[in-house]
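# Examination of the molecular architecture
Residues per chain are reported as follows:
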Amino acid sequence: DAKTTQPTSMDCAEGRAANLPCNHSTISGNEYVYWYRQIHSQGPQYIIHGLKNNETNEMASLIITEDRKSSTLILPHATLRDTAVYYCIVYSSGTYKYIFGTGTRLKVLA
Amino acid sequence: GAVVSQHPSWVICKSGTSVKIECRSLDFQATTMFWYRQFPKQSLMLMATSNEGSKATYEQGVEKDKFLINHASLTLSTLTVTSAHPEDSSFYICSASPGTGLFEAFFGQGTRLTVV
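Description of the structure in this document. Quick caveat: nothing in here was measured; it's all calculated off a predicted structure.

About the criteria used
Residues numbered from 1 in each chain as written. Chains lettered and ligands numbered in written order. Predicted model: local features only at pLDDT ≥ 70, side-chain atom pairs only at ≥ 80, totals over all residues. Heavy atoms only, no water. Patch = residues over 30% accessible without salt bridge, like charges linked within 9 Å, V, L, I, M, F, W, Y side chains within 5 Å. Areas by Shrake-Rupley, 256 points an atom, 1.4 Å probe, with all protein chains shown as cover. Salt bridge = Lys/Arg side-chain N within 4 Å of Asp/Glu carboxyl O. Helix = DSSP H or I, 4+ residues; strand = E, 2+ residues; numbered from the N terminus. Polar contact = N/O pair within 3.5 Å; in protein donor to acceptor, adjacent residues only side chain to side chain. Contact = heavy atoms within 4.5 Å. Buried < 20%, exposed > 50% of the residue type's maximum accessible area, 1.4 Å probe, protein only. Pairing = 2+ DSSP bridges. Core = buried A, V, L, I, M, F, W, Y, C linked by side-chain atoms within 4.5 Å. Disulfide = S-S within 2.5 Å.

Turning our attention to a nonpolar patch on the surface. A surface patch of nonpolar side chains, about 380 Å² in accessible area, is lined by W10, I12 and V116 of chain B. Looking at the secondary structure, you find V116 of chain B in the segment after strand 11 (111-115).

Our next topic: the side chain of S25 of chain B. Residue and element names in this part refer to chain B. With respect to the element layout, S25 can be found in strand 3 (residues 19-25). One polar contact links the side chain of S25 to the main-chain carbonyl oxygen of L74, over a distance of 3.5 Å. If we ignore the near neighbours within four places in the chain, the residues touching S25 are V3, A30, M33, L74 and T75.

It is worth spelling out the pattern of salt bridges at this point. All names here are of chain A. Under the definition given, this model contains four salt bridges over all chains. For D82, the salt bridge is made with R37, and the minimal N-O distance between the two is 2.8 Å. Residue D82 is found in the loop between strand 7 (70-75) and strand 8 (84-92), and its partner R37 is found in strand 3 (residues 31-38); the two are separated by 45 residues along the sequence. Classification of D82 as buried rests on a relative accessible area of 13%. What makes R37 buried here is its relative accessible area of 10%.

Here we take up the sheet that holds strand 5 (residues 55-56) of chain A. Residue and element names in this part refer to chain A. Read from one edge to the other, the open sheet built from four strands follows the order 2-7-6-5, with strand pairing classed as antiparallel. With one partner strand each, in any of the chains shown, strand 2 (18-23) and strand 5 form the two edges of the open sheet. Pairing geometry for strand 6 (residues 61-64) and strand 7, over four bridges, is antiparallel. Among the inter-strand pairings, L62 is bridged to a residue of strand 7, identified as L73.

One finds F67 and L113 of chain B to be the most contacted residues of the largest nonpolar core, which totals 26 residues. Of all elements in the fold, only strand 2 (10-13), strand 3, strand 4 (32-38), strand 5 (45-51), strand 7 (67-73), strand 8 (76-81), strand 9 (90-97) and strand 11 of chain B reach the threshold of two or more residues within this core. Ignoring sequence-local partners within four residues, the contact set of L113 of chain B consists of V11, C13, V19, V81, D88, S89, S90 and Y92 of chain B. L20, C22, C88 and L106 of chain A belong to the second largest nonpolar core, which has 21 residues in total.

A few words on the state of the cysteines. Under the criterion given, the structure shown has two disulfides over all chains. Note that C22 of chain A is cross-linked by a disulfide to C88 of chain A, the S-S spacing being 2.1 Å. With the S-S dihedral at roughly -80 degrees, the linkage between C22 of chain A and C88 of chain A falls on the left-handed side. Residue C22 of chain A is found in strand 2, and its partner C88 of chain A is found in strand 8; the two are separated by 66 residues along the sequence. We classify C22 of chain A as buried; its relative accessible area is 1%. Residue class for C88 of chain A comes out buried when judged on its relative accessible area of 0%. Sulfur-sulfur distance for the disulfide between C23 of chain B and C94 of chain B comes to 2.0 Å.

What follows is about the side chain of Q38 of chain A. Here Q38 of chain A is to be found in strand 3. With a relative accessible area of 7%, Q38 of chain A lands in the buried category. Not counting residues up to four positions away in its chain, the partners in contact with Q38 of chain A are G43, P44, A84, V85 and Y87 of chain A together with Q38, L44, F91 and I93 of chain B.

Structure representation (structure tokens):
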């Protein structure tokens, strides 16, 4: 399973964009990048996923580099409720497993 | 999004007893369910993967006789922690997927187990 590397923690001012990076240099061609977040003492919440094209939904945007070795999750206008641990996951449709890395603890500051 | 419900949300049990945690997919049929364990300030650790009607596949280092998983229907999986000890105290989370291809997994709200 491909591993992911994320910064341990980040701060972001409320209303500003939060850019969360993720390295997945060993990703294979058929593996997807998924992002989940976990607010304290709750189950993870799905945010977005992509293969090689950039993706956008109502929650966030996902930018994947051309070589697919890294990606960035963008929360365009962070709010206090976005304070959470954000997990970047490489998902293989072959193994069907979501393997969580250490995640980034994002703190949105008022 | 789809809803996955876990029960109970928290449980306290005495050392040596067994505890069962239920995971239900409320509005879809879950071909595959996953069980995770999470210690404080740590990430989720995958314990096992279960497919409806077949035996669960356990990750390396997870004792299958201690953590019994049953996935008897397409909407229900159970995790039983047998002969629980204080070191089994943790946050247990299940997730469910409607298929085995490219489907996002939906997570339950978690169960906090405390063994005293």
